[in-house]
Amino acid sequence: QVQLVESGGGVVQAGGSLRLSCAASGRTFSRYDMGWFRQAPGKEREFVAAISWSDNTYYADSVKGRFTISRDNAKNTVYLQLNSLKPEDTAVYYCAADLRIEIQDLRNRYKYDYWGQGTQVTVSS
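As the structure is a computational prediction, the values presented were derived from the model and not from experiment.

Enquirer: Could you give an account of the nonpolar core, with specific residues and numbers?
Expert: With 38 residues, the main nonpolar core has Met34, Trp36, Val78, Leu80 and Tyr93 as its most contacted residues. Secondary-structure elements contributing two or more residues to this core are strand 3 (18-24), strand 4 (32-39), strand 5 (46-51), strand 6 (57-59), strand 7 (67-72), strand 8 (77-82), strand 9 (91-99) and strand 11 (119-124). Leave out the neighbours within four places in its chain, and Val78 touches Leu20, Ser21, Cys22, Phe29, Met34, Trp36, Ile51, Ile69, Ser70, Arg71 and Cys95.

Enquirer: For the packing of aromatic side chains, give the residues involved together with the corresponding values.
Expert: Applying the stated criterion across every chain yields a total of six aromatic pairs. Aromatic pair Tyr94 and Trp115: ring centres 6.5 Å apart, planes at 75 degrees, arrangement edge-to-face. With Tyr94 in strand 9 and Trp115 in strand 10 (residues 114-115), this residue pair connects regions lying 21 residues apart in the sequence. The exposure class assigned to Tyr94 is buried, which follows from its relative accessible area of 13%. Members of the aromatic cluster, connected to one another through ring pairs, are Phe37, Phe47, Tyr94, Tyr112 and Trp115.

Enquirer: Give me the lowdown on the sheet that holds strand 7, citing residues and values where you can.
Expert: Within a sheet, each strand pairs with its neighbour through backbone hydrogen bonds, oriented either parallel or antiparallel. Pairing is antiparallel in the open sheet, where four strands are placed in the order 1-3-8-7. This sheet does not close on itself; its edge strands, each paired only once, are strand 1 (4-7) and strand 7. On average, each strand axis in the sheet is tilted by 15 degrees relative to the strand beside it, whichever way the strands run. Sheet analysis places strand 3 next to strand 8, joined by six bridges and oriented antiparallel. Within the sheet, the bridge partner assigned to Arg19 lies in strand 8 and is Gln81.

Enquirer: Outline the state of the cysteines, listing residues and values.
Expert: Across all of its chains, the model carries one disulfide by this definition. Each sulfur in the disulfide pair Cys22 and Cys95 lies 2.1 Å from the other. On the sign convention where negative is left-handed, the bridge of Cys22 and Cys95, at about -80 degrees about the S-S bond, is left-handed. On the criterion of sequence distance, the pair formed by Cys22 in strand 3 and Cys95 in strand 9 is long-range, its members being 73 residues apart.

Enquirer: How would you sum up the pairing of strand 4? Please name residues and give values.
Expert: Most of strand 4 sits inside the fold, with seven of its eight residues counted as buried. As paired strands, strand 4 and strand 9 are joined by eight bridges and run antiparallel to one another. Looking at strand 9, one finds that Met34 is bridged to Ala97. Examined bridge by bridge, strand 4 and strand 5 share five bridges and lie antiparallel to one another. In the strand pairing of strand 5, Gly35 is matched with Ala50.

What counts and what doesn't
- Residues numbered from 1 in each chain as written.
- Predicted model: local features only at pLDDT ≥ 70, side-chain atom pairs only at ≥ 80, totals over all residues.
- Heavy atoms only, no water.
- Core = buried A, V, L, I, M, F, W, Y, C linked by side-chain atoms within 4.5 Å.
- Buried < 20%, exposed > 50% of the residue type's maximum accessible area, 1.4 Å probe, protein only.
- Helix = DSSP H or I, 4+ residues; strand = E, 2+ residues; numbered from the N terminus.
- Contact = heavy atoms within 4.5 Å.
- Phe/Tyr/Trp six-rings, centres within 6.5 Å; stacked < 30°, edge-to-face > 60°.
- Pairing = 2+ DSSP bridges.
- Axes fitted to C-alpha atoms, helices over the stretch in contact; angles between N-to-C directions.
- Disulfide = S-S within 2.5 Å.

Spatial relationships are all this shows, so hold off on functional conclusions.
Listed below in structure tokens is the structure:
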């Protein structure tokens, strides 16, 4: 089992940047597939980015080229660098984790059993 705690959210102007962090408990972090999802008011929670235990990365089309996911197994932490932010990126961002997720399922929120509490990102125009 793993516990996740996100941090790094805030208010930023359009075009700005933020770096979100997700700190995980447990000694087997390196074996987990990790994902970032976001949920805007009145909308479904949607996939943003994922990084597999083997460091393969995947992105939603809406953030490709602007966001970068990475992990530091020595620190039990996964990061999401958000650049060139747009007002439509405003949402609560959630970190998620699970073991042995099939590649084709990494974008599927229902395949993740462990979730953080979320961190708010607000982009002003």
